[in-house]
Each structure stands twice: as structure tokens, then as C-alpha cells.
Amino acid sequence: MVIPGLSTRGETGVSRRTFAGLIGGGAASVGLGLAAPSAQAATPTAAGSAALPPASSPGYWDAVRRLFALDKDVLFMNVGTVGSPPLEVLDTVDRVHREVAAGAISAYSNFADVRAVAARGYGCDPDELVISHNTSDGMSKILAGLALREGDEILTTNHEHSGGNVPMALARDRHGVVVRRVALPVGNDQRAEDYVELFRRAITSRTKVLLFSAPTYKTGTMLPIRMLARLAQQHGLTTVVDGAHIPGMMAYDFHELGVDFLAGSAAKWQCGPGGTGILYVRNKVISRFNPNPLPVFWPVVSSGYPAEGGRPSRSDGPTESYDIAADLQSVGNGSLAVMAGVRNVCEVWDRIGRERIQSHVLGLSGYLKELIAERWGVNSLYSPKDDPRLVCALTSFAPFRDPGDVYDAAKTTAFVARLKDEYGIVIRTSDFPVIGSSRNHQTVRVSTHLFHQKEDVERVADAMWQLSGEMS
Ligand SMILES: Cc1ncc(COP(=O)(O)O)c(C=O)c1O
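Structural notes on the overall build of the chain
Inference 1: The helix and strand tally for the chain stands at 14 helices and 12 strands.
Inference 2: Each of the 472 residues in the chain was classed as buried or not, and the buried ones make up 58%.
Inference 3: If you take every contact in the chain between residues at least 6 apart in sequence, the share linking residues at least 24 apart comes to 71%.
Inference 4: Approximately 18,600 Å² of the chain is accessible, and the part contributed by carbon and sulfur atoms is 51%.

Quick notes on helix H7 (residues 192-202)
Inference 1: Considered for burial, the residues of H7 that qualify are Ala192, Tyr195, Val196, Leu198, Phe199 and Ala202. The buried residues of H7 occupy one face: seen down the axis, they fall within an arc of 155 degrees.

Examining the sheet that holds strand E12 (residues 441-447)
Inference 1: The 3 strands are arranged E9-E12-E11 in an open sheet whose pairing can be described as antiparallel. The open sheet has two edge strands, strand E9 (394-397) and strand E11 (428-432), and neither has a second partner. Pairwise comparison of adjacent strand axes, ignoring direction, gives a mean angle of 35 degrees for this sheet.
Inference 2: Alignment of E11 against E12, held across 5 bridges, turns out to be antiparallel. Looking across to E12, one finds that Arg428 is bridged to Arg445.
Inference 3: Running over the sheet, helix H13 (residues 409-423) touches E11 and E12 and is turned about 20 degrees from E12.

A few points about the site of the ligand
Inference 1: Near the ligand you find Gly80, Asn134, Thr135, Ser136, His161, Ser213, Tyr217, Asp242, Ala244, His245, Ser265 and Lys268, and these make up its full shell.
Inference 2: Taking Ser136, its side chain carries an N or O atom lying 2.6 Å from an oxygen atom of the ligand.
Inference 3: The side chain of His245 places a nitrogen or oxygen atom 2.7 Å from an oxygen atom of the ligand.
Inference 4: Notes on the ligand: free accessible area 400 Å², of which the protein chains cover 88%.
Inference 5: Looking at the shell around the ligand residue by residue, the class counts come to 2 nonpolar, 8 polar and 2 charged.

Some remarks on the nonpolar core
Soluble globular proteins tend to bury their nonpolar side chains together.
Inference 1: Formed by 77 residues in total, the largest nonpolar core has its most connected members in Phe68, Ile225, Phe254, Ile352 and Leu450.
Inference 2: Residues from two domains meet in this core; each of domain 1 (112-349) and domain 2 (355-471) gives at least three.
Inference 3: Other than its neighbours up to four places away in sequence, Ile225 contacts Phe212, Ala214, Val241, Ile246, Tyr252, Leu257 and Val259.

As for a nonpolar patch on the surface
Inference 1: Side chains of Val296, Trp298, Val300, Val301 and Val331 sit close together on the surface and give an oily, nonpolar patch of about 390 Å² of accessible area.
Inference 2: Tracing the backbone shows Val296 in the loop between strand E8 (277-281) and helix H10 (324-329).

Side note on the sheet that holds strand E2 (residues 129-132)
Inference 1: The strand order across the open sheet formed by 7 strands is E2-E8-E7-E6-E5-E3-E4, and the pairing between neighbours is mixed. Across the chains shown, the open sheet's two edge strands, defined by having one partner strand only, are E2 and strand E4 (178-182). Here the average twist between neighbouring strands, direction ignored, is 20 degrees.
Inference 2: By the bridge criterion, 5 bridges tie strand E5 (residues 207-213) to strand E6 (residues 238-242) in an arrangement that is parallel. Bridging across to E6, Ser213 finds its partner in Asp242.
Inference 3: Relative to E2, helix H4 (residues 112-122) is tilted by about 110 degrees, and along the sheet it contacts E2 and E8.

Here's the deal with the side chain of Gln233
Inference 1: For Gln233, the location among the structural elements is in helix H8 (residues 225-234).
Inference 2: Assessed through its relative accessible area of 14%, Gln233 is described here as buried.
Inference 3: Ignoring sequence-local partners within four residues, the contact set of Gln233 consists of Gly258, Phe289, Asn290, Pro291 and Asn292.

Side note on the packing of helix H3 (residues 87-103) against helix H11 (residues 336-352)
Inference 1: Between H3 and H11, whose axes approach to 8 Å, the crossing angle comes to 155 degrees. The orientation of H3 with respect to H11, classified from their angle, is roughly antiparallel. The handedness of the crossing between H3 and H11 comes out as right-handed. Between H3 and H11, the residues in contact are Glu88, Val89, Thr92, Val93, Val96, His97 and Val100 and Leu336, Ala337, Ala340, Gly341, Asn344, Val345, Val348 and Arg351, respectively.
Inference 2: Taken together, the residues of the contact of H3 with H11 break down into 9 nonpolar, 4 polar and 2 charged.

Side note on the pattern of salt bridges
Inference 1: Tallied over the entire structure, the rule returns 27 salt bridges.
Inference 2: As a salt-bridge pair, Arg98 and Asp94 come within 3.2 Å of each other at their nearest N and O atoms. Placement of the pair is Arg98 and Asp94 together in helix H3, with a separation of 4 residues, close to one helical turn.
Inference 3: Salt bridges linked by common partners bring Arg191, Glu193, Asp194, Asp387 and Arg389 together as one network.

So, helix H14 (residues 454-471)
Inference 1: If you check H14, its first and last C-alpha atoms are 26 Å apart, about what 18 residues at 1.5 Å a residue would give, namely 26 Å.
Inference 2: On its buried side, H14 packs onto strand E1 (75-76), helix H12 (354-376), E9, H13, strand E10 (425-426) and E12.

Side note on the packing of aromatic side chains
Inference 1: Per the stated rule, a full pass over the model turns up 11 aromatic pairs.
Inference 2: Relative to Phe451, the ring of Phe68 has its centre 5.0 Å away and its plane inclined at 75 degrees; by these criteria the two rings are edge-to-face. With Phe68 in the loop between helix H2 (60-65) and E1 and Phe451 in the loop between E12 and H14, this residue pair connects regions lying 383 residues apart in the sequence. Across this residue pair, the class does not change: Phe68 and Phe451 are buried.
Inference 3: Geometrically, the ring pair formed by Trp376 and Phe397 is edge-to-face, given 4.9 Å between the ring centres and 70 degrees between the ring planes. One end of the pair, Trp376, is in helix H12; the other, Phe397, is in strand E9, and 21 residues separate them in sequence.
Inference 4: In this structure Trp376 comes out as buried when scored by relative accessible area, which is 14%.
Inference 5: A relative accessible area of 0% means that Phe397 is categorised as buried.
Inference 6: These aromatic residues form a ring-pair network of at least three members: Phe68, Trp349 and Phe451.
Inference 7: Note that Arg311 overlies the ring of Trp298, its terminal NZ or CZ placed 4.6 Å from the centroid.
Inference 8: Of note, Lys411 hangs over the ring of Phe400, and the distance from its end group to the ring centre comes to 4.9 Å.

About the cut-offs
- Throughout, a residue's number is its position along its own chain's written sequence, starting from 1.
- Owing to the predicted nature of the model, reporting of local features is limited to residues with pLDDT of at least 70; listing and counting of side-chain atom pairs is limited to 80 or more, with chain, interface and lining totals taken over all residues.
- As a convention, hydrogens and water are excluded, and side-chain values are obtained from all of the structure's heavy atoms.
- Each helix corresponds to a stretch of at least 4 residues labelled H or I by DSSP, and each strand to a stretch of at least 2 residues labelled E; elements are numbered beginning at the N terminus.
- We call a residue buried when its accessible area falls under 20% of the maximum for its residue type, exposed when it is over 50%, and partly exposed in between, using a 1.4 Å probe and counting protein chains only.
- The criterion used for residue contact is that any of the two residues' heavy atoms lie within 4.5 Å.
- Exposure was quantified through the Shrake-Rupley algorithm and a 1.4 Å probe, taking into account, for residues, occlusion by the shown protein chains and nothing else.
- Read the arc as the range of directions from the helix axis to the C-beta atoms.
- Two strands are said to pair when DSSP picks up at least two bridges between them.
- The axes are straight lines fitted to the C-alpha atoms, using for helices just the contacting stretch, and the angles between their N-to-C directions are given from 0 to 180°.
- Neighbouring residues are identified by heavy atoms, a residue being near a molecule or strand if any of them is within 4 Å of it.
- Each polar contact in these results corresponds to two N or O atoms within 3.5 Å; when the atoms are within protein, one needs to be able to donate a hydrogen and the other to accept it, and residues that are neighboring in sequence are counted only if both atoms are side-chain atoms.
- Gly falls in the polar group here, along with every residue not listed as nonpolar (Ala, Val, Leu, Ile, Met, Phe, Trp, Tyr, Cys, Pro) or charged (Asp, Glu, Lys, Arg).
- The nonpolar core is taken to be a set of buried Ala, Val, Leu, Ile, Met, Phe, Trp, Tyr and Cys residues, with the residues joined through side-chain atoms within 4.5 Å.
- An automatic or database domain assignment provides the domain bounds reported here.
- Nonpolar side chains (Val, Leu, Ile, Met, Phe, Trp, Tyr) within 5 Å and like charges within 9 Å form the patches, drawn only from residues with over 30% relative accessible area and no salt bridge.
- What counts as a salt bridge is simple: a side-chain nitrogen of Lys or Arg found within 4 Å of a carboxyl oxygen of Asp or Glu.
- Orientation labels follow simple angle bins: below 35 degrees gives roughly parallel, above 145 gives roughly antiparallel, 65 to 115 gives roughly perpendicular, and whatever is left gives oblique.
- Helix crossings are classified by the rotation of the near helix relative to the far one: an anticlockwise turn of less than a right angle makes the crossing left-handed, while a clockwise turn makes it right-handed.
- Expected helix span is computed as 1.5 Å times (number of residues minus one).
- Only centres within 6.5 Å qualify two rings of Phe, Tyr or Trp (six-membered ring in Trp) as a pair; their planes then separate them into stacked at under 30 degrees, edge-to-face at over 60, and tilted for everything else.
- Whether a charge sits over a ring comes down to the Lys NZ or Arg CZ being within 6 Å of the ring centre and within 35 degrees of the ring normal.

Structure follows, in C-alpha cells:
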């Protein structure tokens, strides 16, 4: 069946014009014989997602909160695990899903429009930005794509997530790559320079890759990305960042970070649809940020890679020679609805302002850390508080008054469960090795995001203080 306006339907792709119309990419209407879908996915359609008041008005963050579908009876503070899409994003995904179903539309696409919108928010170019499935998917694609050989070393930390640990284990078991780890000091006494020194001392002549989480998910320590990227550049190393928590939380310009790769989630702090991630692949040489040649990298999961003609040559200057993100993005038939949701949520963030969001979430987190330091003492904190280069919107601390309880996993799990059941507050546990301790420390982790306000921080601090008193 030939559908007007869809000359390539189902085989080589949905036409760019049709695709753009569906996901809100322009004024094009869809030639499906259907009512033309809204070309303005960015226009709020859901009740409660009306235009925001001026940012200086007292009700601004209340209005931001009303953009979200979050259950009002629960104080959700575990964004580090998963976020919650705004109402208008839910509407967009639903609308496009229905339109796609009605028209049986395929999407063999590299989603250039979506990548262009997302890239704008992350300070990079569309040829460097891939909408992946999640952080783990991004990390796997990075590590599988690097040309590592037997004996090459990846230098990483002892606080990595399985999203990075598993693809490193695969590189080890498949290619004989050696994974070496620095033990990270934790708490408020750290300085960014100390972390850099730690890595500097551990680099050997075999080291090829510096891989670290920023922030680490266990303690919410924002390892200093720019400083570590510079260290890597000085030693000719490839920098891979597990930045699961960066998109939507931090207003980073990926070019300026100077890293080669960064994999993040679009469904945690960025609050996009489930199963979405942000993958940055440096695709040009911008000398003030990273003068080193591009590392050899294969887009191993791709249906866009040229089947003939060999590997496209990579740029050695500020202009790309090969749209590697397009090849990484093209993997069979994609989801127009999910991609429309990613585009829409990036537009929401850009509309609010990424700097404003970062400053709000860090402000709340800083306040929570102060309240914890006042009540429990600063030594209960495993997240840095005072070095602004090391902070993020995750707060990890030991909630019990008896220091011996820091090893008690069951009690910490019970604390999190009771906080939810008795106080309606959702946080999570965290568990990690600490230098000088033979057993893992057990802590709780609180996320502060754009749908929270000062009162929420006070509420969680009061509730945790009361509960820890009851459980002591
Ligand atoms: C540091 C870190 N890396 C990777 C992941 C895995 O994230 P995703 O579900 O996006 O793959 C997480 C999840 O919490 C994380 O905290």
C-alpha cells in the first residue's frame, strides 16, 4: 500500500518531512490522510503544564513542580535511579505513538532533528550526540568500539557502576585488557586536585583509557571532569566518563569538558521517556578543549556504517568529516514516539534554562548537606560539601547515630523502607568500600531535583532525623 507523503515507508525510511512533522520538528504536516498532528511538540498540551511565570516570581518553582505527573502524596527523592517525565512529554509520546499506530509508520532514521535539539542543550554538535537506550548502553558501545588490545590498561575507580564495570569486564575477558582501579577517598575533606593526583600517580606506560564516573553514584562525588580530561590529554589517554547523572542535572558544555566519550541517562535527571540515554562521542579536534587526535573508535552497533568503502576518515580539525553519531543512531527501526519525547523534554529543560536548573538542584543539595552536617555531624557525609568542583545533587550519608551501624546493611535497608512507609519519602541505600575499612559502608542517598523546594529538603531532613532517633 502506498501512503501519500511516505515514499520510502517501511524499507529505507520515513521521509524526513513526515518524520519532522510527527515529532514537532517543523511546520510540515503529515500526508497520511490523518488529521495533521501538532507540529509543536514543545507547546504544553497537558493540564497543569501551562506557561511558566517569570523566573523571579515567588511561585516559579511551584509552577515547575506542576509540570510533572509525580504522585503528590509521595516525596520522591530518588531521581538518581529514575526520573519522571513532565506531563507534556507524556502527552507527546502518547500522541505520536497513536499517530504512528494509526499510520503504521516506520522510522528507519538517524533522528537528526532530535539530535540537533538535544546537542544544543549539551554544548556539542549533532554529529557527536546519540540518543542511546540508557547509560549502560552508551558505556557498552564506547568500550566495545574502542580499539583495545591485550595488555592495554583501563585506569578506573573502585566506585564504578555495573554499567561501566560490565563492559570493562568484557574487554578484559575478550581482549585481555587490564582493568586497574584507584581507591577513591570519600567525604568532605577532599579537594579536586587530590583526585587528579591520585589518577596521575596510577598512570603507567600501558594505560590507554581513563574511565571514571562523574558523579560517582555511591557518594555523589563529582570527580573533576575537566581536570581529569586534561590529565588524560597530557598522557595521550582516551577519557571515558560514566556521566549517568549529568544530563538534566548539570549544565555542562560537553566540548568544554574535553573528554572523548560521555555516556549518560536521559531518563534520570533529564526526565525523558524510559529507556533513553545521552551518548557523547567527540568527533572533532577543538584545540582549546582537546588538541589530541580522535581515538580509533568503531560504531559496532550500527546499521548506518557504510557497507562498502571502508572506515570513513575522522576529522583532525574543528569540522567533522564523518557523522559518527548518525551511524551510531541508525540501528534498524526506531521509535518516533520515544524520540519525540526526548526532543520535547530537552526543549522543556532549555525553556526553563539548564543553568537555572543546575543552580536550583545544587542549592537544594547544599542546603541538605548543611542540615545533615548540623544534626549528624559533617563526618556522617560521604558526599563532598565544601569544594564546589566536587558537588552534585546527590547526597549520601550515614543516618544512624551509632558509628557501628554504618556496616549494618539490613538496618539501612529498613531505614529506607520505613521512610517510605511511615513518612511517604522515597530515597535509596548505597553501599561501597571505604579506604581503611575492611567492610563496605552502608549509607542512604537523597536526590534533590527541580521539582523539589526548600520545604522538601527540610521535610526529608526532619523525617530522617526523627527516624534515625527511633531506630538508634
Ligand atoms: C554511575 C551510574 N552508571 C550507570 C548507571 C546505569 O544507568 P542506566 O540505567 O541509565 O543504564 C547508573 C544507574 O544508576 C549509575 O548511577
